[in-house]
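A structural walkthrough
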Amino acid sequence: MVACTVVDYILTRLREQHVDTLFGVPSAFCAPLFDAAPAAGMTAVVTATDLEAGYAADGYARTRGLAAVSVAYGVGTLSLINAIAGAYVERSPIVVINGGPTESHLAGLSDLDVVFSHSIGRPDTDLSAYKLVTASAQRAATTAEVPTIVDTAIATAIRRMRPTYLEISKDLWNRACASPAGPLRLTDPPAGTEQGLAGTIIGLIRAARSPLILVGAEIQRYGLADQVADLITKLGVRWSTALLAKSVLAEQGKGWVGVYDPPRPGPAREAVEQADLLLTLGCVFPNGYAQLLASRREHIVSVYDGTVRIRGGVRQQAELRTLVAALVTQAATAPPRPAPAGVQPTMPAPATGGLTYRQVFERIGVALDDSWLVVPDTFLGVFSAARLPVKGRDGFLCGSVWASIGHSVAASVGASFGSPRRPLVVCGDGGFHMMAQALSTMVRYRIDPVVIVIDNGLYGYEQFILGRRYFEQSGVQPLPYVVLNRWDFVSFATAVGMGSAYSVDTASAFDAALAAAKASSAPALIVAKVDPRTLPADA
Ligand SMILES: Cc1ncc(C[n+]2csc(CCOP(=O)(O)OP(=O)(O)O)c2C)c(N)n1
């Protein structure tokens, strides 16, 4: 009997990092991974599509710290790649494990023009494509290469908090290979700049009149929430979070100004944009930040992706964990300034009349407790989602920077395995059309997300961007290409085996459906039918 095979090596290294779920859609190229997963203590979650597997792995990676996904070469990977690109920009550590062509496939291609399975007739399409969207992408053609390539893929994903790709020639899976030796190097060494930079940054904050810290996704990904909460308290400084990082810290207490989500107006926007010293800690900046970053350059200290930039100066290397620890130490050398009280969530007025976008979010806000993980999609409601009174830490997961519609539904599949909280998806009908089949995965694996679909019959967000007058004047028709085919969502849910599906068009019926879904441990769908001409409060 072989002591350690290539498959064993990969699964052992993943289990060492507490990965207990493998997402994917198997094919002959990668099936040995799925064969071996149960014996290695891993649940193989087979999704209904390859892209769903990617989003699910993303939801798992953000809640658990690392994920693994494997799909068919070419036909699967090139569908999965949207999810991996989003994971790259939004800092989600996923290891893509691909079964690739053998030496004989490659020889057949070059000598005889025989196109191996799911190849486009080039030897390395998947590897080349994934180099663009991962922090490392390598192929093992021999068993001797496997340990280094696997270790690099897993360690790089964790160190960089980005996806990585490893390809194994498909005839190697069950061949003998060396056993894992020694621990992986999972942290970067200090750059040596951190103490000096921390001194400068704390000095700037102390000297400022209205400093503010904007907390970003890297703080959650690197597990630095406790230290940053401590830093905020020690400085007595006001603070906000980027939308991608909402609920990284509990949204309460002194100095909290709300989520910063430009260009939406509100107290957080004023506080961030008028801060005379703004420290951005691990924020990914989407397009909406361009105005802030260009106009306030002299007032911004940016810490991101292993670098620090002070007031538009040159980027300096700094290791994030070491830097944050140094900031906390330096902050402790003087008493905190008196921070203003944090903003409080407002209570909605009683709901009357037909259901509106605004009411859906108000009712969700009223129902939220610390058992829920809110997972909003990219849709008209995402700005309202930014203002939901999420309770506690790590209660929010969104793809607001990459903004691929449908992400939420499938990400909730992965989050069900990765988070102790129960996913509460809020999605538009157009986004739901893209990932509806994830309901089937929920039923199959007996997981319990509650999926709220806001049914307005439109790609409303696109209508809003391209022709806002539709929402303001009753005579204006929607653009023909934003009008959706209407689905009977309840019948769809029933058809894939979901027992709890509700269609509601009043606030009280919405409340009742959400309460019933919460009381049950089964997955549920709530279709909230709204007047298509209504807009959310924050659009
Ligand atoms: C995968 C993908 N395709 C297309 C888009 C462009 N897009 C952004 S929002 C949107 C419409 C979303 O409509 P819906 O889910 O019905 O929600 P609504 O805006 O009506 O609230 C589209 C098509 C996108 N962001 N992602």
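Described in the following lines is the structure provided in the data block. Here the structure is a predicted model, which means the values were calculated and not measured.

1. Looking at the overall build of the protein chain
Within the protein chain, the secondary structure is distributed over 22 helices and 18 strands. Over its C-alpha trace the protein chain gives a radius of gyration of 24 Å, about what one expects of a compact globule, namely 24 Å for 539 residues. Each principal axis of the C-alpha atoms in the protein chain carries an extent, and together these give about 65 × 60 × 40 Å. Buried residues in the protein chain amount to 56% of all 539 residues.

2. Let's talk about the pairing of strand β9 (residues 256–260)
The buried fraction of β9 is high, at 5 of 5 residues. Here strand β8 (residues 238–242) pairs with β9 via 3 bridges, running parallel. Residue pairing in the sheet places Thr241 in a bridge with Val259 of β9.

3. Here's the deal with the sheet that holds strand β15 (residues 422–428)
Pairing within the open sheet is parallel, and its 5 strands lie in the order β14-β15-β16-β18-β17. Whereas interior strands pair on both sides, the edge strands pair on one side only; in this sheet they are β14 (372–376) and β17 (500–504). Going across the sheet, the axis of each strand differs from the next one's by a mean of 15°, ignoring polarity. On the sheet, helix α16 (residues 407–418) packs against β14 and β15 and is oriented at approximately 175° with respect to β15.

4. Remarks on the site of the ligand
As a matter of local geometry, the ligand sits amid 18 residues, with Tyr357, Gly430, Gly431, Gly460 and Tyr461 nearest to it. Taking Leu380, its main chain carries an N or O atom lying 3.1 Å from an oxygen atom of the ligand. Here an oxygen atom of the ligand and a side-chain polar atom of Asn456 are 3.0 Å apart. Within the complex, the protein chains bury 82% of what would otherwise be the 590 Å² of accessible surface of the ligand. Sorting the residues of the shell around the ligand by element identifies α17 (429–435) and α19 (460–466) as the ones contributing at least two each. Top element by residues in the shell around the ligand is α17. It accounts for 4 residues. For the shell around the ligand, the per-class residue count stands at 10 nonpolar, 6 polar and 2 charged.

5. Thoughts on the environment of Ala410
Take Ala410: it is sitting in helix α16. For Ala410, a relative accessible area of 0% puts it in the buried group. For the pair Ala410 and Tyr304, spaced 106 residues apart in sequence, the C-alpha to C-alpha distance is 28 Å. Aside from chain neighbours lying at most four places away, what touches Ala410 is Glu52, Tyr55, Ala56, Met435 and Ala438.

6. Re the packing of helix α3 (residues 50–64) against helix α4 (residues 77–90)
To characterise two packed helices, one gives the angle between the axes of the helices and the distance between these axes. The interhelical angle for the contact between α3 and α4, taken along N-to-C directions, is 25°, at an axis separation of 6 Å. One element, α3, and the other, α4, form an angle in the roughly parallel class. Crossing hand, α3 versus α4: right-handed. Two secondary-structure elements touch here, α3 through Asp50, Leu51, Ala53, Gly54, Tyr55, Asp58 and Arg62 and α4 through Ser79, Leu80, Asn82, Ala83, Gly86, Ala87 and Glu90. The class makeup of the residues in the contact of α3 with α4 is 6 nonpolar, 4 polar and 4 charged.

7. Examining the nonpolar core
Core analysis: the largest hydrophobic core is formed by 166 residues, its most contacted members being Ile10, Leu14, Ile213, Phe432, Phe510 and Leu525. The dominant element in this core, judged by the number of residues it contributes, is helix α7 (residues 146–160), at 8 residues. What Phe510 contacts, discounting residues up to four positions off in sequence, is Leu355, Val360, Arg363, Ile364, Ile452, Val504, Ile526 and Ala528. Among the nonpolar cores identified, the runner-up in size contains 14 residues, and Tyr260, Ala275, Leu278 and Ile300 belong to it.

Analysis parameters
Residues numbered from 1 in each chain as written. Predicted model: local features only at pLDDT ≥ 70, side-chain atom pairs only at ≥ 80, totals over all residues. Heavy atoms only, no water. Helix = DSSP H or I, 4+ residues; strand = E, 2+ residues; numbered from the N terminus. Rg over C-alpha atoms; globule rule 2.2 N^0.38 Å. Buried < 20%, exposed > 50% of the residue type's maximum accessible area, 1.4 Å probe, protein only. Pairing = 2+ DSSP bridges. Axes fitted to C-alpha atoms, helices over the stretch in contact; angles between N-to-C directions. Contact = heavy atoms within 4.5 Å. Near = heavy atom within 4 Å. Polar contact = N/O pair within 3.5 Å; in protein donor to acceptor, adjacent residues only side chain to side chain. Areas by Shrake-Rupley, 256 points an atom, 1.4 Å probe, with all protein chains shown as cover. Nonpolar A, V, L, I, M, F, W, Y, C, P; charged D, E, K, R; others polar. Parallel < 35°, antiparallel > 145°, perpendicular 65-115°, else oblique. Left-handed = near helix turned anticlockwise from the far one by under 90°. Core = buried A, V, L, I, M, F, W, Y, C linked by side-chain atoms within 4.5 Å.

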